[in-house]
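Fold and contact review
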Amino acid sequence: MSGGGLLVAGTTSDAGKSVVTAGICRWLVRQGVKVAPFKAQNMSLNSFVTREGAEIGRAQAMQAQACRVEPTALMNPVLLKPGGEQSSQVVLLGKPVGELSARGYHGGRQQQLLGTVLDCLAELRGTYDAVICEGAGSPAEINLRRTDIVNMGIARNARLPVLVVGDIDRGGVFASFFGTVALLSPEDQALVAGFLVNKFRGDVSLLEPGLDMLHGLTRRHTYGVLPFQHGLGIDEEDGLRVSLRGTVRESNTAPPVGEDVLRVAVCAIPLMSNFTDVDALAAEPGVVVRFVDRPEELADADLVVIPGTRGTVRALEWLRERGLARAIERRVAEQRPVLGICGGFQILGEHIEDEVESRRGHVEGLGVLPVRVRFAREKTLTRPEGEALGEHVAGYEIHHGVADVSGGEPFLDGCRVGQTWGTHWHGSLESDGFRRAFLREVAAAAGRRFVPAPDTSFAALREEQLDRLGDLIEQHADTDALWRLIESGAPQGLPFIPPGAPA
């Protein structure tokens, strides 16, 4: 017998589907339910490598952690990694299978994947008591409904009840709830059980008349009103949505242990991937992390990070066009700390041979590390462990570039020259002892009297965030009604709301 299930959809992108899904998962596992997350199709540059070497969306890895289970490719069978405005790399069951334009994908390829997606969901439902699925964008994207495999397409095929999340902080949530239902076909509407309000500020009693009217209009239940809480935007799907001007990753409010803070500037390069690498830095008391896109913003930084990217050559050109490349080269000459991760590591090298990603052939790098990079068609997907700065380090690798290191001091899989560091390893800064040792080196080179906190545990902070998400569901959602929905499906006899989907 298949386990229970639920699809968490949203009125818009960024309505809170990922964190609500994680919250429901954490609430369920605390009730003793064996639960797994699922997202049929994810578009994200923020990905993760499972233990079996499969690449999935990092949000699903975070949701698996909320479930206290190991993430697998079954939890995110289709991952789309944008390579520009017109095309994306298609990752199927954790392995890249090619590049497709949006027209090519939605024109037929997507529908071909429905069987694979449904098989993965069925396997999870046969293994777990419940599977909490996350939708993508809005289920009422009527231009894409014919080929949809992630919202109502999978809900209809798998007979999943649907909970629609709306971000009231944006405004217009009642119109969004009503309009979402009213633009669906009768068959789709029959699965939309109700709504969940996200990010509410203020007195809930002032909202209740609107919720009553919404029920009167749709005969659908509102399953909860979640209050706005800071610091819950963990492992977002899309680094492209990070606002460049004045962005600061939400960080620990504890005061610095030493006399100085440490300022970290992250270059917001195009197609930035796995920008969550710097979350572990932002979690340190006294470390201030910001994303920058102008050379003058590097002037007061104690550490500059060049993160990963799905377009190494394009990011390199962007750094040169904006004058950031020259600012980085000056920092290197002055022995001021620079860290390149994955694509950022490749940019710091001598040259790049790329017939795979950009197909630009030979491209000169910044030349500050003795590294030559050749792009291979086969993608490296591994979970390495090792030692650096006298500490154990674990990470994960996702890259086509193969680095030939010809000098410098060894640093993980890369190298270090003076105060310039490069590695392909994502997630290395989540290793607490290594992160503290690295920050001590940076502070000494920058002349800052910064001292890393001796007891910051990134894993414990992540667990605290996931528990806070579970608390939100437990304290502010109708959990009895939510469990009935997961166990028994959408209520029978839900009325049709005109006009319905266009012909």
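Remarks on the nonpolar core
If you look at the biggest cluster of nonpolar residues, it comprises 65 residues, and the most contacted ones within it are Leu298, Ile306, Leu319, Ile328 and Leu339. Excluding residues within four positions of it along the chain, Ile328 makes contact with Cys267, Leu298, Ile306, Leu319, Val338, Leu348 and Leu366. Formed by 47 residues, the second largest nonpolar core is a distinct cluster that contains Cys120, Met152, Phe195 and Leu207.

A word on the environment of Val278
Mapped onto the fold, Val278 is located in the loop between β14 (272-273) and α9 (279-282). A residue is classified by how much of its surface remains accessible, and Val278, at 2% relative accessible area, is buried. Put simply, Val278 and Val451 are 173 residues apart on the chain and 18 Å apart in space, counted from C-alpha to C-alpha.

Let's talk about the pattern of salt bridges
The full count for this structure, using the stated rule, is 28 salt bridges. Arg294 is the partner of Glu296 in a salt bridge, and the nearest nitrogen-oxygen pair spans 3.6 Å. Arg294 sits in the partly exposed class, given a relative accessible area of 33%. A salt bridge links Asp432 to Arg435; its shortest N-O distance comes to 2.9 Å. Taken together, the positions of Asp432 and Arg435, both in helix α13 (residues 432-446) and three residues apart, correspond to about one turn of that helix. Neither Asp432 nor Arg435 differs from the other in exposure class; each is buried. Within the structure, one salt-bridge network assembled from shared partners comprises Arg26, Arg30, Glu463, Asp467, Asp471 and Glu474.

Overview of helix α14 (residues 458-476)
Here α14 contains 19 residues, and its C-alpha end-to-end distance of 27 Å stays within 8% of the 27 Å for a straight helix at 1.5 Å per residue. Among the residues making up α14, those that are buried are Phe458, Arg462, Gln465, Leu466, Leu469, Gly470, Leu472 and Ile473. Down the axis of α14, the buried set is contained in an arc of 145 degrees. They therefore lie on one face. Check the buried side of α14 and you find it contacts α1 (17-30), α2 (58-67), β12 (221-227), α9, α13 and α15 (479-488).

Topic: unusual backbone geometry
Note the cis peptide between Pro498 and Pro499, where omega equals 10 degrees. With respect to the helices and strands, the residue Pro499 is situated in the segment after α15. At Asn274, a position not held by glycine, the phi torsion is positive, near 50 degrees. Mapped onto the elements, Asn274 comes out in the loop between β14 and α9. Assessed through its relative accessible area of 2%, Asn274 is described here as buried.

Structural notes on the sheet that holds strand β7 (residues 87-92)
If you walk across this open sheet you meet the four strands as β3-β6-β7-β8, and the pairing is mixed. Only two strands of the sheet have a single neighbouring strand rather than two, namely β3 (41-43) and β8 (95-101). Averaged over neighbouring strand pairs, the angle between their axes works out to 25 degrees when direction is ignored. Pairing of β7 with β8 involves six bridges; the strand directions are antiparallel. Across the sheet, Ser87 pairs through a bridge with Ser101, a residue of β8.

Some remarks on the confidence of the model for the chain
Detailed reading of predicted coordinates is not advised where the pLDDT is low. Chain-level pLDDT for the chain is 91 on average; 93% of the residues reach the 70-or-more range. In this model residues 238-252 is a low-confidence stretch, pLDDT under 50, and it forms 40 contacts with partners more than four residues away in sequence or in other chains.

Details of the side chain of Asn76
Relative to the helices and strands, Asn76 is located in the loop between α2 and β6 (78-82). A distance of 2.8 Å separates a polar side-chain atom of Asn76 from the backbone nitrogen of Gly57. What Asn76 contacts, discounting residues up to four positions off in sequence, is Lys39, Ala40, Gln41, Asn42, Ile56, Gly57 and Gln60.

What about the environment of Leu461?
Its location among the elements puts Leu461 in helix α14. A relative accessible area of 24% means that Leu461 is categorised as partly exposed.

As for the side chain of Gln63
Within the secondary structure layout, Gln63 lies in helix α2. A relative accessible area of 0% means that Gln63 is categorised as buried. Residues in contact with Gln63, not counting those within four places in the same chain, are Ser18, Thr21, Ala22, Cys25, Pro37 and Glu134.

Structural notes on the state of the cysteines
This model, assessed by the stated rule, comprises zero disulfides. There is no disulfide at Cys415, and the cysteine sulfur nearest it, in Cys342, is 15 Å away.

Some thoughts on the packing of helix α6 (residues 173-182) against helix α8 (residues 208-218)
The interhelical angle for the contact between α6 and α8, taken along N-to-C directions, is 15 degrees, at an axis separation of 11 Å. It follows that α6 is roughly parallel to α8 by the angle criterion. Helix-helix and strand crossings are classified by hand; for α6 and α8 the assignment is right-handed. Contacts between α6 and α8 pair Phe174, Phe177 and Phe178 from the former with Gly210, Leu211, Leu214, Leu217 and Thr218 from the latter.

Looking at the packing of aromatic side chains
How two aromatic rings sit relative to each other is given by the distance of their centres and the angle of their planes. Inspection of the entire model under this criterion finds seven aromatic pairs. Here the aromatic rings of Phe434 and Phe438 are separated by 6.3 Å at their centres, their planes lie at 25 degrees, and the arrangement is stacked. Placement of both Phe434 and Phe438 in helix α13 is noted, with a separation of four residues, approximately one turn of the helix. The same class applies to Phe434 as to Phe438, namely buried. One aromatic cluster is present, built from ring pairs that chain together Phe411, Trp421, Phe434 and Phe438. Over the ring of Tyr128 we find Lys34; its NZ or CZ atom is 5.3 Å from the centre of that ring.

Thresholds, definitions, all that
Residues numbered from 1 in each chain as written. Predicted model: local features only at pLDDT ≥ 70, side-chain atom pairs only at ≥ 80, totals over all residues. Heavy atoms only, no water. Core = buried A, V, L, I, M, F, W, Y, C linked by side-chain atoms within 4.5 Å. Buried < 20%, exposed > 50% of the residue type's maximum accessible area, 1.4 Å probe, protein only. Contact = heavy atoms within 4.5 Å. Helix = DSSP H or I, 4+ residues; strand = E, 2+ residues; numbered from the N terminus. Salt bridge = Lys/Arg side-chain N within 4 Å of Asp/Glu carboxyl O. Expected span 1.5 Å × (residues − 1). Arc of directions from axis to C-beta. Pairing = 2+ DSSP bridges. Axes fitted to C-alpha atoms, helices over the stretch in contact; angles between N-to-C directions. pLDDT = per-residue confidence, 0-100. Polar contact = N/O pair within 3.5 Å; in protein donor to acceptor, adjacent residues only side chain to side chain. Disulfide = S-S within 2.5 Å. Parallel < 35°, antiparallel > 145°, perpendicular 65-115°, else oblique. Left-handed = near helix turned anticlockwise from the far one by under 90°. Phe/Tyr/Trp six-rings, centres within 6.5 Å; stacked < 30°, edge-to-face > 60°. Lys NZ or Arg CZ within 6 Å of the ring centre and 35° of its normal.

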